[in-house]
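Architecture and fold: a report
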Amino acid sequence: MQKITLPERPNWRDTAKDVGFTFADMHGEPYWDESSAYRFTLRQIEDDIEDPSTDLHAMCRDAVAEIVGSEGMMDRLGIPAPHRDLIADSWRRNEPEIYGRLDLAYDGTGPAKLLEYNADTPTSLYESASFQWQWLEDQMAAGALSGGADQFNGIHEALVERFRALFDPNTDIHFTAVADNPEDYATVEAMAWAAREAGMGAHYSDLDKLGVTKQGQFVDAEDRVIGTLFKLYPWEDLLRDDFARHIKGSGCLFLEPAWKALVSNKGILPVLWQMFPGHPNLLPAFFADDVADALVAGGRPVPAVAEAFGKVADQFRRAHVVKPIFSREGAGVSIVEGGDVTEASANTDYDQHPRIVQAYAPLPDFDGFKPIVGAWIVGDRCVGMGIREDRARITQDLSRFKPHFIAEQGEMP
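As the structure is a computational prediction, the values presented were derived from the model and not from experiment.

Reading the values: rules and limits
Residues numbered from 1 in each chain as written. Predicted model: local features only at pLDDT ≥ 70, side-chain atom pairs only at ≥ 80, totals over all residues. Heavy atoms only, no water. Buried < 20%, exposed > 50% of the residue type's maximum accessible area, 1.4 Å probe, protein only. Helix = DSSP H or I, 4+ residues; strand = E, 2+ residues; numbered from the N terminus. Pairing = 2+ DSSP bridges. Polar contact = N/O pair within 3.5 Å; in protein donor to acceptor, adjacent residues only side chain to side chain. Contact = heavy atoms within 4.5 Å. Axes fitted to C-alpha atoms, helices over the stretch in contact; angles between N-to-C directions. Salt bridge = Lys/Arg side-chain N within 4 Å of Asp/Glu carboxyl O. Expected span 1.5 Å × (residues − 1).

**What to know about the pairing of strand E6 (residues 113-118)**
- When you tally the buried positions in E6, you get five out of six residues, the bulk of the element.
- Of the strand pairs in this sheet, strand E5 (residues 99-105) and E6 are connected by five bridges, and their pairing is antiparallel. Within the sheet, the bridge partner assigned to alanine 105 lies in E6 and is lysine 113.

What follows is the structure in structure tokens.
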């Protein structure tokens, strides 16, 4: 894994504008940054990213199977009591999933470490699946990259096949997101593009334009009944919305399904550590209430986790990360080292939620920037990746997207 300086394409901003990538620059700063790119070897991709990410996804499904059978665990993950049956039934009916993005700490040497799983409403799909692939082709054509270069990117093709596997041809699928958010719309349109290529009908409506009929069915902005809805709106918010009471009787299939409320929840991280202690791709994690006293000199964890915490107590006292079980783009996250908060997100929108604590995994530093690998899951396997980097240790909404390529040493530009 290396960061390689490369020439930018002369007219890439015009290209971005032409294809609707309107948020390539945000607030006067580049969001898409191709002044350099990350190089990986094929072994690093296959052995350290692709296969472990596929395994991590399977482990998350194992965790869901445990959680849905426990009222206590549902409570710890902040699932509202009136909707716990909805989530459990969604899992037991095997309602299909489409995609998710695992965020990993990886430095090119040791095992990748799971930081969190954006399994419900992950964004950066368009730039991962499409724009960075166009970058690769353009750079190879220009001679900036060798003809043998490649990219870990089968995301769009996998989405097309996923829709074909799940739905009959000409099935109408509705798509929705919050209005006037270009990044969210780009993600939804990338998904709809795959659905159309798979032979589906794809219809978009802003979230606030959806309604409910007297019969309890959801309808779009043109009063068409919605049978299948892809919503870029997180389940933790939807379940607290007035519309949630209509879901069960609506006859609508939701993408992502309701059980993804458990996977996208950071409360799954301590559940995973409990189920798979010592796994090389996991960081030790606990519910904050269980170990809060132990993180203060002389305190002890609750008995249920005392043995597990004892094995990693010194690691946590050196450094750990505090995260709300619900949050987006690093909001509410803080890094604690030696008992002191040394870095914290300025966004406090999620501070009212319960927290987990996770062992600190330092991100690698490349020229003052710290990258995170976003490993994309479609169906049940890892099919591609994107990279975000920031000068801060907490990745946030304006962190830059960086392209990547695969090349062995002899194939370097």
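After that view of the structure, there is still more to cover.
**Here's the deal with the side chain of glutamine 358**
- Following the sequence through the fold, glutamine 358 ends up in strand E17 (residues 355-359).
- Within the structure, glutamine 358 has its side chain in polar contact with the backbone oxygen of leucine 115 (distance 3.3 Å).
- Every residue in contact with glutamine 358, bar those within four places of it in the chain, is listed here: Leu114, Leu115, Leu269, Leu283, Pro284, Ala285, Phe316, His320, Val321 and Lys323.

**Here's the deal with the sheet that holds strand E12 (residues 253-255)**
- Judged by pairing direction, the sheet is parallel, and its four strands sit side by side in the order E8-E7-E11-E12 without closing on themselves. Of all strands in the sheet, those bounded by a partner on one side alone are strand E8 (201-206) and E12. The mean angle between the axes of side-by-side strands here comes to 25°, regardless of whether they run parallel or antiparallel.
- Sheet topology places strand E7 (residues 172-177) next to strand E11 (residues 228-232); four bridges connect them, and they run parallel. Residue pairing across strands places histidine 174 opposite leucine 229, the latter belonging to E11.
- Sitting on the sheet, helix H7 (residues 182-197) is in contact with E7, E8 and E11, with an inclination near 170° to E7.

**Focus: unusual backbone geometry**
- Going from leucine 255 to glutamate 256, the amide bond is cis rather than trans, its omega being 0°.
- Positionally, glutamate 256 belongs in the loop between E12 and helix H9 (260-263).
- Even without being a glycine, asparagine 94 presents a positive backbone phi close to 60°.
- Tracing the sequence through the fold places asparagine 94 in the loop between helix H4 (84-92) and E5.

**A short note on the pattern of salt bridges**
- Under the definition given, this model contains 30 salt bridges.
- Linking aspartate 138 and arginine 9 is a salt bridge whose minimum nitrogen-to-oxygen distance equals 2.9 Å. With aspartate 138 in helix H5 (residues 125-142) and arginine 9 in the loop between strand E1 (2-5) and helix H1 (12-18), this pair connects stretches of sequence that are 129 residues apart.
- A salt bridge links aspartate 351 to arginine 355; the nearest nitrogen and oxygen atoms lie 3.5 Å apart.
- Judged by its relative accessible area of 32%, aspartate 351 falls in the partly exposed class.
- Accessibility expressed as a relative area gives 28% for arginine 355, which makes it partly exposed.
- Taken together, the salt bridges that share partners define one network made up of Glu29, Asp33, Arg400 and Lys402.

**Quick word on helix H6 (residues 155-166)**
- Over its 12 residues, H6 extends 17 Å from the first C-alpha to the last, a length consistent with the 16 Å expected when each residue adds 1.5 Å.
- Among the residues making up H6, those that are buried are Ile155, His156, Ala158, Leu159, Val160 and Phe163.

**A few points about the environment of alanine 319**
- Note on placement: alanine 319 falls in strand E14 (residues 319-324).
- Classification of alanine 319 as buried rests on a relative accessible area of 11%.
- In sequence terms alanine 319 and serine 205 are 114 residues apart; their C-alpha atoms lie 45 Å from each other.
- Apart from the residues within four sequence positions on either side, alanine 319 is in contact with Val336, Glu337, Ala359 and Tyr360.

In short, the description is geometric, and any link to function would need to be established separately.
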